[in-house]
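Chain residues, written in single-letter form:
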Protein chains: 4
Amino acid sequence: MSTLIDDRRKLHQRPEPGFCEIETAAYIYERLLSLLDTTAGDSIVTGDDVIDTDAIPGLTQAQLDESARRALEQGVSPELVEKFSGGRTGIIANIKGNRPGPVIGLRTDIDGLGVSEDESDSHVPTHLGFVSQIKDVMHACGHDGHIAVALELTKRLTENRDFPGAFRIIFQPAEEGVRGAMVTKASATEGVDTMLGMHLGLGLEAGEVGAGTHGQLATEKTQVELTGVQAHAAMAPEQGRNALLAAASAALSLHALPQRGDANTRLNVGVLNAGSGLNIIPNRAVMNVEYRADKREVLADLKKRFAAVIEGAAQAYGVESTITPLGRATTLVCDQPVIDKAMKALEGVSGVEKSHETVLFAASDDVSIFIERVQDNGGEGTFLIVGCSSPGPHHSATFDIDETALPIAVDWIEAIARS
Amino acid sequence: MSTLIDDRRKLHQRPEPGFCEIETAAYIYERLLSLLDTTAGDSIVTGDDVIDTDAIPGLTQAQLDESARRALEQGVSPELVEKFSGGRTGIIANIKGNRPGPVIGLRTDIDGLGVSEDESDSHVPTHLGFVSQIKDVMHACGHDGHIAVALELTKRLTENRDFPGAFRIIFQPAEEGVRGAMVTKASATEGVDTMLGMHLGLGLEAGEVGAGTHGQLATEKTQVELTGVQAHAAMAPEQGRNALLAAASAALSLHALPQRGDANTRLNVGVLNAGSGLNIIPNRAVMNVEYRADKREVLADLKKRFAAVIEGAAQAYGVESTITPLGRATTLVCDQPVIDKAMKALEGVSGVEKSHETVLFAASDDVSIFIERVQDNGGEGTFLIVGCSSPGPHHSATFDIDETALPIAVDWIEAIARS
Amino acid sequence: MSTLIDDRRKLHQRPEPGFCEIETAAYIYERLLSLLDTTAGDSIVTGDDVIDTDAIPGLTQAQLDESARRALEQGVSPELVEKFSGGRTGIIANIKGNRPGPVIGLRTDIDGLGVSEDESDSHVPTHLGFVSQIKDVMHACGHDGHIAVALELTKRLTENRDFPGAFRIIFQPAEEGVRGAMVTKASATEGVDTMLGMHLGLGLEAGEVGAGTHGQLATEKTQVELTGVQAHAAMAPEQGRNALLAAASAALSLHALPQRGDANTRLNVGVLNAGSGLNIIPNRAVMNVEYRADKREVLADLKKRFAAVIEGAAQAYGVESTITPLGRATTLVCDQPVIDKAMKALEGVSGVEKSHETVLFAASDDVSIFIERVQDNGGEGTFLIVGCSSPGPHHSATFDIDETALPIAVDWIEAIARS
Amino acid sequence: MSTLIDDRRKLHQRPEPGFCEIETAAYIYERLLSLLDTTAGDSIVTGDDVIDTDAIPGLTQAQLDESARRALEQGVSPELVEKFSGGRTGIIANIKGNRPGPVIGLRTDIDGLGVSEDESDSHVPTHLGFVSQIKDVMHACGHDGHIAVALELTKRLTENRDFPGAFRIIFQPAEEGVRGAMVTKASATEGVDTMLGMHLGLGLEAGEVGAGTHGQLATEKTQVELTGVQAHAAMAPEQGRNALLAAASAALSLHALPQRGDANTRLNVGVLNAGSGLNIIPNRAVMNVEYRADKREVLADLKKRFAAVIEGAAQAYGVESTITPLGRATTLVCDQPVIDKAMKALEGVSGVEKSHETVLFAASDDVSIFIERVQDNGGEGTFLIVGCSSPGPHHSATFDIDETALPIAVDWIEAIARS
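Note that this is a predicted model, so its numbers are computed, not measured.

### Considering the overall build of chain A
Then step 1. Secondary structure assignment for chain A yields eleven helices and 14 strands.
Then step 2. Relative to the compact-globule value of 22 Å for 419 residues, chain A shows a C-alpha radius of gyration of 23 Å, a close match.
Then step 3. Per-residue burial over chain A gives 62% buried out of 419 residues.
Then step 4. Partitioning the contacts of chain A with sequence separation of at least 6, the portion at a separation of at least 24 is 83%.
Then step 5. Here chain A carries 36 positive and 59 negative side-chain charges, and the mean point of each set is 3 Å from the other.

Below, the structure is given as structure tokens:
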């Protein structure tokens, strides 16, 4: 079996939730150590130089401890567990070409999903014995394949440095929930001229590829906490400050926001939990709210108006409010020159039967944040889709990668890197 | 006919709305000039020394002009019209006793009501020819009688100065809507030791009196204006700032306030007008809101929370808000020592068949503000009720004073003043 | 001066509000009587056969009486005033061609607008002496020109009956507010195979024409009345049923409706008036609400959900609700075959410098209702735009027709009729 | 140690939550079997003849199973476990006097509370070794004492039947949360002429008693479930029916209810939980709501208006609603004749140092339902308070009964029964 396939299957057995990818990071790190050559100008960046851990949303110490415990138990060295603990599971690999030229970046997402993998024999990973060993977590979105592709690319580019400039791989935690890019430091994309993302599947069959995407709405996912004052609801309701009613008022007011003539927008109060007892004025309410727009500046405007509604409702009811970001993706704008270059690079790639300049991508991926940062610095980028038939949809228990897609992905990106 | 009755009937024919009582003030003023004796230490205060005209709520220039025009037409001298124009219709008369002693104050309200008086022959003022000559305005709450009583008292006390200290009469505009006391300057009650109010009727029959009242809720009446930004509702709703929705949200939130364990409270959004056209985001909303409490400090708390709701709702919708006071009365707390003195003073008053220490008064009268100011300065006060059977209820077209009540009122207050 | 220009200028001086176009209807009617030939198969339909007067929204008897009074004063015969009173100002003219063929319909709107026309000399109608004689009403949308064009067409087609089938002109009242088509009886379009509308201006310059339009949102304009029970807000609030709060709750809930993935929609609560006094539980609230969608079936869904919100809010507050339609336009779908025919008919029309198959029309016109009815019966239709430079925009005091557009309109429609 | 004290301490060690009192019921039942004499006319009623199990609110099968398992483990016979399982833990004991006369009823509540008892040595039950053996459940409201008193009374009255009529003890489950009386069948109080409740403590010191109470608000505790339709919040929000917003709207509308001139009322939405994910239109919301009034008929009116708000909000948002009662107590009106009789009966009771005709009781006890049922049938009742100093307040971990109160309670009620 090729290393490419072997890597993918090994990683498939050890899927880890976002920011808890300690085993995965250790696997990547050890491989990178064996492939990169610092004397050739290669480098690895980890830890606080990659992830702004203070900004990680909604992670509990218990989850972090559990992932560290599991990694140790699995045989990861205490040094590496320490290195990648506390949510610091991002790694950046820089590979130097043999001549001057631009820097190409590739975002590779590494997290699994909270899905219980199908254990019936008809499911290929089960049949072949590489089904997930971690209960209720599964690589159900193909990120195992993404890592394997990135490692194979590292091998090829370090073995043959005949390419201009440099190639940088950002191994990003927590793409699910669009949480990882948001907390990746700006330095990760500094100096990158062309930023790539690559995703398997997304509706394309094996043999089909897309050199770009369109249609992603920018999105922010937030948690609102409202904190008031408890009081006995019959004896002294006036002493309370009612967080439940503040949340109710805010929820209704928020729904007047997404009606605009200048953009397509959405807003949803997805969760509202408030109060503790029948005879107590509720002093706490938590709302999870997301909003989206097909224009970056409109999302920025929505963000301000969203905050104003929360603050206003809080003031009206005399409660305190905080808004914590849970996740973020921006509009994903693919640049035509990169699309053109990627289309041209397809020429030498075998196995591609059908290619699209751009495909519809109605979901969210936070690779958009990296691409936007590079664009803001004067660079360009695109999101490559490599088709990959699967028995079940993304995020389902029967999702599986058609492994013939993996060498196509490697060949294509290598061709782009060397062009 | 006695001057007392004659005054009352003349005044009854010329009722004027609050702050527009120019003819009334001129009538009072000329009479006071003829009765008071500055060499004996008497004085009259008028104009900006009585009323804080800047604080007068909701009066239009058109109303003021109309009242000035009417007064001139009726023969009031241009000097007096000028003196009492612009809402400055309050007058204070100070009458000096012949020996040292405390200052007793008497609030006398002078405004009429927006009621069309009954012109059928069964209505006594019509039958006897002194029905209101001013369309749609009527002395339907007995203030014409109050003024007549105050003038008669002035006559008796200036003719016979055998009483201690001084007697001060505050002729107050705009008691209806509890607007006049609020804008009367604090100087009006400075130095007053005992503050009295007197009202005819209020549910007591002729021959029945009450030396105090209980049960009045303190109240504030306000106008809220919310100002946003218009925009085309279909083309560019996002450019608008919706004052109508801000008002709707505020109205709902306000109704969570009057549920308390520490007091009996009320709140009502009585009027809400917003928006101008079907396809325009409404940029203006006006709400009239009143709130009440049976405790002064609870009203103060409600005032803060009311303001917080308005400001919060305004912030939530990105609109500006202002709150303008329309009227105010406080809790009316009658002091037992004054009640006792008033009960004792009844002894020499003929015509009284039944007396109560205190009677229930569920409505609002802003004499409470004067009494509270005096109490805050260490003084005391009460609200005297002089029964007065009427064919119709207060504020109705068939309301009428049983004139036998007038000498009872004069005798009673004179007895208090001389005691 | 040609009859065409003369008609337009005469009509311009007598603009009348929707459903009050008595003088206008009389003018049209008398001209039709003089042109049509019943022996040739022509006919005129008026009164209850055109307009369903029971369905006319929001008209007061005072308005109707005033328009009848004005028409009589202007010299319209009592018989014609009677004929066109009560909102029955619609007229249908049928002109028979000299051979069998399809029926072509033309909607001609006849109402003026509540705008005060510019009386400065720089405004052409003022300068030339045909400015509006009716205070605060103006032909500020070119309907005077539409009528003149229709009358000229009638003249040409009756003078030379060399055209197939028949030509039917629907003189429609109250296009402004999209009220007139909604109450025009279905019989008006029965038998019509091709339904045309024609509008001057709409952003096109003189010499420019459009054979169709796109982009109109379907819209419904409604008035909601909520009726509860008054009660004293302090003494017995529980006896009241609060229509103001019901309206506030409904307004907030309605704004959650126009967020959809299947269509572009809008909703606006443009006006909300509720309550009468500070200390009275408000028993009446009136809201004007409009909603729009770019799909007919989505508008139908919005209509149901809108009604559910109103009924639900009413139930929650124990008040009664009614929803009265104020106006309605549907999506305006122009059929390509008619557009093609109209484009071809342009060939012989002089003065046209630029032509478009379709132009953007972001506003609403209820000609869409007639076109939809014909389409529902298997026919087809389009909305013709004849460019017409104007110093001021539509609906403004300085709007004016470039009269060179009028013969272009006549020639074009005549060419279509004869083709 | 007396049986009275021994019973109390044994019961104290085995506190059970409401409707799960299987051990407690078995203990009572076996004692009753040993004391009652069917040949003398005594009887015991259990099971479905006492409790309407279908109406029990919010109990899960897991809780019921757990209590059955625990009772079996503790040595209760399978027959008795079966007898009292499924929430059927109510028991009625009828004791016959030796001569004709009225039936006196006594409600005895038997449930413990979800409180973890203080295990420090300073806590008397811990020090003396009878602290709760059941984790997180405690007799923290004195119901253990109530049962001991009732059993001692049974002993005395069966040993000496010198009393008129009959004495009926209703051992009621689930007084906490006012759930048990509500689901006790009406037959429990049929035929009762005088209904008594007895409670230890409630603010009175040992040696102090009250023959009645005042001040309890009637209350209903309910759970509202709103069920809509899930949909993707970005792709197809229009396919969803939003239960979260329906709940928010209802919560705000509900708070306009408790402002009344005819009664003192309260309403609280204590808990609101809605929604499952950020990008899903929430299809489920649960609210816990309680409302109170100091008048029975006002509570009935609130109940109707509460239901109207829920139904209206549900309709507005197109969701389904259900309202499930969680608990209920009515106003507790004590009849003066019974109070008089109880005061008189105190004469022979030793240990009473201070007695009140009535004491303030601001909390809720569902004995009010039994008393009301008897009153509705023409009988009368009262709630006896027997003072009982405690180191900690009711419902706290350090609550404890001053056992000297127990014989006072027994003597007093016995005296009433024999009078």
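More follows now that the structure is in view.
### Observations concerning the environment of Ile-110 of chain D
Residues and elements named next belong to chain D.
Then step 1. Considering the arrangement of structural elements, one finds Ile-110 in the loop between strand 3 (99-109) and helix 5 (124-127).
Then step 2. Owing to a relative accessible area of 0%, Ile-110 belongs among the buried residues under this scheme.
Then step 3. On a C-alpha basis, the gap between Ile-110 and Glu-16 in space is 8.5 Å, while along the polypeptide they are 94 residues apart.
Then step 4. Contact partners of Ile-110, with chain neighbours within four places excluded, come to Glu-21, Thr-24, Ile-28, Thr-89, His-139, His-143, Ile-147, Phe-171, Gln-172 and Pro-173.

### Here's the deal with the confidence of the model for chain A
A low pLDDT score tells you not to read the predicted coordinates there in detail.
Then step 1. Here chain A averages 95 in pLDDT, while 100% of its residues score no lower than 70.
Then step 2. In the model output, the complex is listed with pTM 0.90 alongside ipTM 0.87.

### Some thoughts on the side chain of Asp-42 of chain D
Residue and element names in this part refer to chain D.
Then step 1. Mapped onto the elements, Asp-42 comes out in the loop between helix 2 (22-35) and strand 1 (43-46).
Then step 2. Residue Asp-42 is classed as buried on the basis of its relative accessible area of 4%.
Then step 3. A polar side-chain atom of Asp-42 sits 2.9 Å from the main-chain amide nitrogen of Asp-37.
Then step 4. Side-chain polar atoms of Asp-42 contact the side chain of Arg-161, separated by 2.5 Å.
Then step 5. Apart from the residues within four sequence positions on either side, Asp-42 is in contact with Leu-36, Asp-37, Asn-94, Ile-95, Lys-96, Thr-158 and Arg-161.

### Let's talk about the pattern of salt bridges
Side chains that carry opposite charge are capable of pairing whenever their charged atoms lie near each other.
Then step 1. All told, the structure shown has 124 salt bridges over all chains when counted by the stated rule.
Then step 2. For Arg-296 of chain C, the salt bridge is made with Glu-372 of chain C, and the minimal N-O distance between the two is 3.1 Å. With a gap of 76 residues between them, Arg-296 of chain C in helix 8 (residues 296-317) and Glu-372 of chain C in helix 10 (residues 367-376) connect regions that are remote in the sequence.
Then step 3. Under the relative-accessibility criterion, Glu-372 of chain C is labelled buried at 12%.
Then step 4. Residue Arg-284 of chain D pairs with Glu-225 of chain D through a salt bridge whose shortest N-O separation is 2.5 Å. With Arg-284 of chain D in strand 10 (residues 284-293) and Glu-225 of chain D in strand 8 (residues 218-227), the pair connects residues that are 59 residues apart, well separated along the chain.
Then step 5. Three or more residues joined by partner-sharing salt bridges are found here, namely Arg-8, Arg-9, Asp-144, Asp-400 and Glu-403 of chain A.

### Things to note about the relation of the copies chain C and chain B
Then step 1. The transformation that overlays chain C on chain B combines an axial shift of 0.1 Å with a rotation of 180°, and the residual RMSD is 0.1 Å. The superposition operator between the copies reduces to a two-fold rotation axis.
Then step 2. Both copies contact each other with a shared surface, as 100% of the interface residues of chain C are interface residues in chain B too.

### Quick word on the interface of chain D and chain C
Then step 1. On the side of chain C, 22 residues touch chain D, which itself brings 22 residues to the contact.
Then step 2. Across the interface of chain D and chain C, roughly 1,800 Å² is buried in total on both sides, 47% from carbon and sulfur atoms.
Then step 3. Among the residues of chain D in contact with chain C, Glu-238, Arg-305 and Gln-315 of chain D are the three that bury the most area, contributing 30% of the side total.
Then step 4. Among the secondary structure elements, those contributing two or more residues to the side of chain D that touches chain C are helix 7 (243-254) and helix 8 (296-317) of chain D.
Then step 5. Considering only residue class, the side of chain D that touches chain C consists of nine nonpolar, seven polar and six charged.

### A short note on the interface of chain C and chain B
Accessible area lost upon the coming together of the parts serves often as the stated size of an interface.
Then step 1. Between chain C and chain B, the residue contacts involve 38 residues of the former and 38 residues of the latter.
Then step 2. Carbon and sulfur atoms supply 65% of the area buried between chain C and chain B, which totals about 2,700 Å² over both sides.
Then step 3. The largest share of the area that chain C buries against chain B comes from Leu-252, Leu-272 and Leu-278 of chain C, three residues that together contribute 23% of it.
Then step 4. There are zero salt bridges connecting chain C and chain B.

### Quick look at helix 3 (residues 61-73) of chain D
Residue and element names in this part refer to chain D.
Then step 1. Taking 1.5 Å per residue as the helical rise, helix 3 with its 13 residues ought to reach 18 Å, and the 18 Å between its terminal C-alpha atoms agrees with that figure.
Then step 2. When helix 3 is considered as a whole, its buried residues turn out to be Leu-64, Ser-67, Ala-68, Arg-70 and Ala-71. On an axial view of helix 3, the arc spanned by its buried residues comes to 165°, and they lie on one face. Those residues of helix 3 that are exposed and angled more than 90 degrees off the buried face are Gln-61, Ala-62 and Glu-73.
Then step 3. Buried residues along helix 3 sit in contact with helix 2 and helix 4 (78-84).
Then step 4. Of the residues one or two after helix 3, Gly-75 is the one with positive phi, at around 100°.

### Here we look at the sheet that holds strand 9 (residues 265-274) of chain C
Then step 1. Read across the sheet, eight strands follow the order 11(B)-8(B)-10(B)-9(B)-9(C)-10(C)-8(C)-11(C) without closing on themselves; strand pairing throughout is antiparallel. The sheet is open, and its two edges are formed by strand 11 (320-329) of chain B together with strand 11 (320-329) of chain C, each paired on a single side. Sheet twist, expressed as the average angle between the axes of neighbouring strands with direction ignored, equals 25°.
Then step 2. Where strand 8 (residues 218-227) of chain C lies against strand 11 of chain C, nine bridges are found, and the strand directions are antiparallel. Following the sheet pairing, Val-224 of chain C is matched in strand 11 of chain C by Ile-323 of chain C.

### Details of the relation of the copies chain D and chain C
Then step 1. Each copy of the sequence occupies a distinct position, and chain D is placed on chain C by a rotation of 179° and an axial shift of 0.1 Å, giving an RMSD of 0.2 Å.
Then step 2. Both copies contact each other with a shared surface, as 100% of the interface residues of chain D are interface residues in chain C too.

### Points about the sheet that holds strand 14 (residues 380-386) of chain C
Residues and elements named next belong to chain C.
Then step 1. Across the sheet, eight strands lie side by side as 1-2-4-3-5-14-6-12; this open sheet has mixed pairing. Because the sheet does not close on itself, it has two edges, and the strands there are strand 1 (43-46) and strand 12 (354-356). Geometrically, the sheet is characterised by an average inter-axis angle of 20° between neighbouring strands, direction not taken into account.
Then step 2. Across the face of the sheet, helix 11 (residues 405-418) comes into contact with strand 3 (99-109), strand 4 (164-172), strand 5 (194-200), strand 6 (208-210) and strand 14 while running at roughly 155° to strand 14.

### Quick look at the pairing of strand 10 (residues 284-293) of chain B
Residues and elements named next belong to chain B.
Then step 1. Counting buried residues along strand 10, nine of its ten residues qualify, which places the element largely inside the surrounding structure.
Then step 2. Relative to strand 10, strand 8 (residues 218-227) is paired through ten bridges, and the arrangement is antiparallel. Counterpart to Gln-223 in the pairing with strand 10 is Asn-288.
Then step 3. Pairing analysis gives nine bridges linking strand 9 (residues 265-274) to strand 10, with the strands arranged antiparallel. Counted as the bridge partner of Leu-267 is Tyr-291 from strand 10.

### A look at unusual backbone geometry
Excluding glycine, residues mostly carry a negative phi; peptide bonds, for their part, are mostly trans.
Then step 1. Of note in this structure, His-395 of chain B is not a glycine but carries a positive phi near 70°.
Then step 2. Along the chain, the position of His-395 of chain B falls in the loop between strand 14 (380-386) and helix 11 (405-418).
Then step 3. In the Ramachandran plot, Leu-202 of chain C falls in the positive-phi region, its phi being about 55° despite a non-glycine side chain.
Then step 4. Residue position: Leu-202 of chain C is located in the loop between strand 5 and strand 6.

### Brief notes about helix 7 (residues 243-254) of chain C
Residues and elements named next belong to chain C.
Then step 1. When the terminal C-alpha atoms of helix 7 are compared, their 16 Å separation across twelve residues agrees well with the 16 Å that a helix rising 1.5 Å per residue should span.
Then step 2. For helix 7, the buried fraction is high: twelve of the twelve residues fall into the buried class.
Then step 3. Of all the positions in helix 7, only Ala-243, Leu-244, Leu-245, Ala-246, Ala-247, Ala-248, Ser-249, Ala-250, Ala-251, Leu-252, Ser-253 and Leu-254 are classed as buried.
Then step 4. For helix 7, the N-terminal cap is Asn-242; the gap from its side-chain oxygen to the backbone nitrogen of Leu-244 is 3.1 Å.

### Section: the packing of helix 7 (residues 243-254) of chain B against helix 7 of chain C
Then step 1. Running from N to C, helix 7 of chain B and helix 7 of chain C point in directions that differ by 125°, and their axes come no closer than 9 Å. By the angle between their directions, the pair helix 7 of chain B and helix 7 of chain C is classed as oblique. Seen from above, helix 7 of chain B lies across helix 7 of chain C with left-handed handedness. Only Leu-244, Leu-245, Ala-248, Ser-249, Ala-251 and Leu-252 of chain C of helix 7 of chain C make contact with helix 7 of chain B, whose side of the interface consists of Leu-244, Leu-245, Ala-248, Ser-249, Ala-251 and Leu-252 of chain B.
Then step 2. Within the contact of helix 7 of chain B with helix 7 of chain C, the residues separate by chemical class into ten nonpolar, two polar and no charged.

### Quick word on the packing of aromatic side chains
Then step 1. This model, assessed by the stated rule, comprises twelve aromatic pairs over all chains.
Then step 2. Ring centres of Phe-361 of chain A and Phe-383 of chain A lie 5.7 Å apart, and the angle between their planes is 65°; this geometry places the pair in the edge-to-face category. One end of the pair, Phe-361 of chain A, is in the loop between strand 13 (359-360) and helix 10 (367-376); the other, Phe-383 of chain A, is in strand 14 (residues 380-386), and 22 residues separate them in sequence.
Then step 3. Accessibility expressed as a relative area gives 0% for Phe-383 of chain A, which makes it buried.
Then step 4. Plain terms: the ring middles of Tyr-29 of chain B and Phe-84 of chain B are 5.6 Å apart, the flat faces sit at 75° to each other, and that makes the pair edge-to-face. You can see Tyr-29 of chain B sitting in helix 2 (residues 22-35) and its partner Phe-84 of chain B sitting in helix 4 (residues 78-84), a full 55 residues away along the chain.

What counts and what doesn't
Residues numbered from 1 in each chain as written. Chains lettered and ligands numbered in written order. Predicted model: local features only at pLDDT ≥ 70, side-chain atom pairs only at ≥ 80, totals over all residues. Heavy atoms only, no water. Helix = DSSP H or I, 4+ residues; strand = E, 2+ residues; numbered from the N terminus. Rg over C-alpha atoms; globule rule 2.2 N^0.38 Å. Buried < 20%, exposed > 50% of the residue type's maximum accessible area, 1.4 Å probe, protein only. Contact = heavy atoms within 4.5 Å. Lys, Arg positive; Asp, Glu negative; His and termini not counted. Charge placed at Lys NZ, Arg CZ, Asp CG, Glu CD. pLDDT = per-residue confidence, 0-100. Polar contact = N/O pair within 3.5 Å; in protein donor to acceptor, adjacent residues only side chain to side chain. Salt bridge = Lys/Arg side-chain N within 4 Å of Asp/Glu carboxyl O. Least-squares fit on C-alpha atoms with pLDDT ≥ 70 in both. Buried area = accessible area lost by both parts, 1.4 Å probe. Nonpolar A, V, L, I, M, F, W, Y, C, P; charged D, E, K, R; others polar. Expected span 1.5 Å × (residues − 1). Arc of directions from axis to C-beta. Pairing = 2+ DSSP bridges. Axes fitted to C-alpha atoms, helices over the stretch in contact; angles between N-to-C directions. Parallel < 35°, antiparallel > 145°, perpendicular 65-115°, else oblique. Left-handed = near helix turned anticlockwise from the far one by under 90°. Phe/Tyr/Trp six-rings, centres within 6.5 Å; stacked < 30°, edge-to-face > 60°.

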